[in-house]
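Architecture and fold: a report
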Amino acid sequence: VAAGGLRDRVLALTRDAAGALGFEPRVLFDGPIDTGVSDEVGAELLATLQEALSNVARHAGASRAEVEVVVGDEVVLRVVDDGIGPPDEDAPRGHGLKNMAARAAQRGGHFELRHGPPSGTILEWRVPLA
């Protein structure tokens, strides 16, 4: 991923989201972030992260969020907040969640949105790298 590598772009994106969120998310990295992820998968990860942080800012009412990027046999993006939790299954939804799921599925991966303990939301997006 050009322009400073994936790690720098993840950090820049979370810093940019701080204004809308009202706080800067905590960011954790594990594994070869800059060398283990192709440009194409990195671009999909960044688009997913941007949408996830936008959803936290617009809908969650969160006071904290954590972004985790782990690279091994797969790349895992996890965004955890302490807000009101994911929407009910029958709640009207925009295209954001469908887009995130489609990005993972197109690359043989998996997308999940679930309640966090004790509250909030855990978004997990994982794509194999092999």
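Anything mentioned here points back to the structure above.
Attention in this report is confined to the structure presented alongside it. (Residues numbered from 1 in each chain as written. Predicted model: local features only at pLDDT ≥ 70, side-chain atom pairs only at ≥ 80, totals over all residues. Heavy atoms only, no water.)

1. Some details on the side chain of Thr 14
Structurally, Thr 14 is set in helix α1 (residues 5–21). Excluding residues within four positions of it along the chain, Thr 14 makes contact with Glu 24, Pro 25, Val 27, Leu 49, Leu 53 and Val 67. (Helix = DSSP H or I, 4+ residues; strand = E, 2+ residues; numbered from the N terminus. Contact = heavy atoms within 4.5 Å.)

2. Details of the environment of Asp 82
Along the chain, Asp 82 falls in the loop between β3 (74–81) and α3 (96–106). For the pair Asp 82 and Pro 117, spaced 35 residues apart in the sequence, the C-alpha separation amounts to 8.9 Å. Beyond its immediate stretch of four places on either side in the chain, Asp 82 contacts Ala 62, Ser 63, Arg 64, Ser 119 and Gly 120. At a separation of 2.6 Å, a polar atom in the side chain of Asp 82 contacts the side chain of Ser 63. Polar contacts involving the side chain of Asp 82 include one to the main-chain amide nitrogen of Arg 64, which spans 3.0 Å. (Polar contact = N/O pair within 3.5 Å; in protein donor to acceptor, adjacent residues only side chain to side chain.)

3. Considering the packing of α1 against helix α2 (residues 39–60)
As a packed pair, α1 and α2 sit with axes 10 Å apart at the nearest point and diverge in direction by 15°. Viewed along their axes, α1 and α2 adopt a mutual orientation that is roughly parallel. Handedness of the α1/α2 crossing: right-handed. On α2, the residues touching Leu 6, Arg 9, Val 10, Leu 13, Thr 14, Ala 17, Ala 20 and Leu 21 of α1 are Gly 42, Leu 45, Leu 46, Leu 49, Gln 50, Leu 53, Val 56 and Ala 57. Grouping the constituent residues of the contact of α1 with α2 by class yields 12 nonpolar, 3 polar and 1 charged. (Axes fitted to C-alpha atoms, helices over the stretch in contact; angles between N-to-C directions. Parallel < 35°, antiparallel > 145°, perpendicular 65-115°, else oblique. Left-handed = near helix turned anticlockwise from the far one by under 90°. Nonpolar A, V, L, I, M, F, W, Y, C, P; charged D, E, K, R; others polar.)

4. Topic: α2
Here α2 spans 30 Å end to end across 22 residues, near enough to the 32 Å set by a 1.5 Å rise per residue. Where α2 is concerned, the buried positions are Val 41, Gly 42, Glu 44, Leu 45, Leu 46, Thr 48, Leu 49, Ala 52, Leu 53, Asn 55, Val 56 and Ala 60. Where α2 ends, the next residue or the one after it, Gly 61, has phi of about 65°, a positive value. (Expected span 1.5 Å × (residues − 1). Buried < 20%, exposed > 50% of the residue type's maximum accessible area, 1.4 Å probe, protein only.)

5. Describing the sheet that holds strand β5 (residues 121–128)
Strands belonging to one sheet form pairs held by backbone hydrogen bonds; the direction of such a pair is parallel or antiparallel. The sheet built from 5 strands is open, its strands ordered β1-β2-β3-β5-β4 with mixed pairing. Looking at which strands have only one partner, the edges of the open sheet turn out to be β1 (26–30) and β4 (110–115). Averaged over all pairs of adjacent strands, the angle between strand axes in this sheet comes to 10°, irrespective of strand direction. In terms of strand pairing, strand β2 (residues 65–71) meets β3 through 7 bridges, oriented antiparallel. Considered in β3, the bridge of Val 70 is made with Val 76. Helix-sheet contacts for α2 involve β2, β3 and β5, and the interaxial angle to β3 is about 10°. (Pairing = 2+ DSSP bridges.)

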